[in-house]
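Examining the three-dimensional arrangement
Chain residues, written in single-letter form:
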Amino acid sequence: MIRALILGGTADASLLAAEIARAGIDAVYSYGGRTRTPADQPLPTRIGGFGGVSGLADYFRREGITHVIDATHPFATEMSRNAVEACAETGVPLMALERSAWVKAPGDNWIEIPDVNAAVAALPKSPAKVFLAIGRQHIAPFASRPEHAYTLRFVDPPEKPLPFTADVIVSRGPFTLEGELEMMRTRSIAWIVARNSGGDGARAKIDAARMLSLPVIMIARPRLPERLRVESVAEVLQWLCHRARLGA
Ligand code: NAP
């Protein structure tokens, strides 16, 4: 018998949940609790942290979890590391569903850097209009470069004051190429700071930047421990069904 846990919060996790529900596989969908109104899922859903590695391992035991699919965002490193450790500790098999990183295409003007602090350092010296497409928990270091005018985009309106004044767009996406071009043109965006999330959902801003010949400061993905990883929902389903046949 399978009882899967999907660590979610991404478009891919939603696609996976739909397929798992359609296949009639017993599963729980888990949200981290960052957005105020998360999308409904066709599976029983829980929201909020587990309490680190030990809390997650306890959850597996308590809920009889037999398989874990880590479909979190590629920059949700703490959750992914906890999943590797808790699965190793309890012997529960783990698979990551993660799209490949974006690869620079002809016409892209990327400055590839390893982390947020390097992104702050890579900003131009003279004042510029900068679209910070990086998530609210990572914006604080940009307060050290107040000469720039920042545009931020969040799913929910900010609850606390921001560390600097900014033009805030509240929108959930998905974002189209036309929409991103319009947003960048009307705000005269000259620089973009983005994380290399990969996949199609967040790609429009990168395509728009290429079309407008704008520089993109691209933050590389953080390193994660070795784990079984696939890129498609179909491969996760195959893995689950194969293991179900083996009784594993
Ligand atoms: P993170 O830094 O890796 O996680 C911080 C803590 O939040 C984890 O240690 C865990 O708490 C809890 N957590 C995270 N994801 C969880 C999940 N799916 N279910 C239950 N608990 C979870 O993660 P993050 O970058 O804040 O991202 C949080 C959520 O937002 C994830 O589900 C991710 O897929 C989604 N998301 C993130 C980004 C991003 O840019 N990072 C973008 C889109 C969506 P405990 O240690 O207490 O278990």
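Attention here is on the structure that accompanies the text.

**Comments concerning the site of the ligand**
Near the ligand lie 24 residues; those nearest to it are Gly8, Ser30, Arg34, Phe50 and Arg195. A distance of 3.3 Å separates an oxygen atom of the ligand from a polar backbone atom of Thr77. Coverage of the ligand by the protein chains reaches 82% of its 800 Å² of free accessible surface. Within the residue set of the shell around the ligand, elements represented by two or more residues are strand E2 (27-31) and helix H3 (77-90). When residues of the shell around the ligand are assigned to their parent elements, the largest contribution, 4 residues, is made by H3.

**A closer look at helix H5 (residues 177-186)**
In an α-helix, one full turn covers 3.6 residues, which means residues spaced three or four apart are oriented alike. Residues of H5 that are buried: Glu180, Leu181, Met183 and Met184. The arc that holds every buried residue of H5, seen down its axis, measures 165 degrees, which confines them to one face. Turned more than 90 degrees away from the buried face of H5 sit Glu178, Arg185 and Thr186, all of them exposed. Buried residues belonging to H5 abut strand E7 (129-133), strand E8 (149-154), strand E9 (166-170), strand E10 (191-195) and helix H6 (204-211). After H5 finishes, the residue Ser188 shows a positive phi value of roughly 55 degrees.

**A short note on unusual backbone geometry**
Residues apart from glycine generally show negative phi values, whereas peptide bonds are mostly found in trans. The omega torsion across Gly173 and Pro174 is 5 degrees, close enough to zero to call that bond cis. Inspection of the secondary structure assignment puts Pro174 in the loop between E9 and H5. The backbone of Ser188 sits at a positive phi, close to 55 degrees, despite the residue not being glycine. Counting through the fold element by element, Ser188 comes out in the loop between H5 and E10.

**What about the nonpolar core?**
Ile6, Leu16, Ile20, Ile69, Leu97, Val236 and Leu240 are the most contacted members of the largest nonpolar core, which has 22 residues in total. Those elements that place two or more of their residues in this core are strand E1 (4-7), helix H1 (11-22), E2, strand E5 (94-97) and helix H7 (233-246). Per element, the largest residue contribution to this core is 5 residues, and it comes from H7. Core analysis: the next-biggest nonpolar cluster, separate from the first, contains 20 residues, Ile113, Val130, Ile139 and Ile219 among them.

**Considerations on the pairing of strand E4 (residues 67-70)**
Alternating positions in E4 separate into two faces, His67 and Ile69 on one and Val68 and Asp70 on the other, with burial throughout. By the bridge criterion, 4 bridges tie E1 to E4 in an arrangement that is parallel. Within E4, the position partnered with Ile6 by the bridge is Ile69. Across 3 bridges, E4 lies against E5 in parallel orientation. Along E5, the bridge assignment pairs Asp70 with Ala96. Considered for its hand, the β-α-β crossover made up of E4, H3 and E5 is right-handed.

**Describing the sheet that holds E9**
The parallel open sheet is built from 6 strands, whose spatial order is E6-E11-E10-E7-E8-E9. Across the chains shown, the open sheet's two edge strands, defined by having one partner strand only, are strand E6 (109-113) and E9. On average, each strand axis in the sheet is tilted by 20 degrees relative to the strand beside it, whichever way the strands run. Bridging between E8 and E9 involves 5 bridges; their strand directions are parallel. Within E9, the position partnered with Phe154 by the bridge is Val170. Each of E6, E7, E10 and strand E11 (215-219) is contacted by H6, which is oriented at about 150 degrees to E10, the strand it contacts most.

Basis of the calculations
- Residues numbered from 1 in each chain as written.
- Predicted model: local features only at pLDDT ≥ 70, side-chain atom pairs only at ≥ 80, totals over all residues.
- Heavy atoms only, no water.
- Near = heavy atom within 4 Å.
- Polar contact = N/O pair within 3.5 Å; in protein donor to acceptor, adjacent residues only side chain to side chain.
- Areas by Shrake-Rupley, 256 points an atom, 1.4 Å probe, with all protein chains shown as cover.
- Helix = DSSP H or I, 4+ residues; strand = E, 2+ residues; numbered from the N terminus.
- Buried < 20%, exposed > 50% of the residue type's maximum accessible area, 1.4 Å probe, protein only.
- Arc of directions from axis to C-beta.
- Contact = heavy atoms within 4.5 Å.
- Core = buried A, V, L, I, M, F, W, Y, C linked by side-chain atoms within 4.5 Å.
- Pairing = 2+ DSSP bridges.
- Right-handed = clockwise from strand over helix to strand, strands pointing away.
- Axes fitted to C-alpha atoms, helices over the stretch in contact; angles between N-to-C directions.

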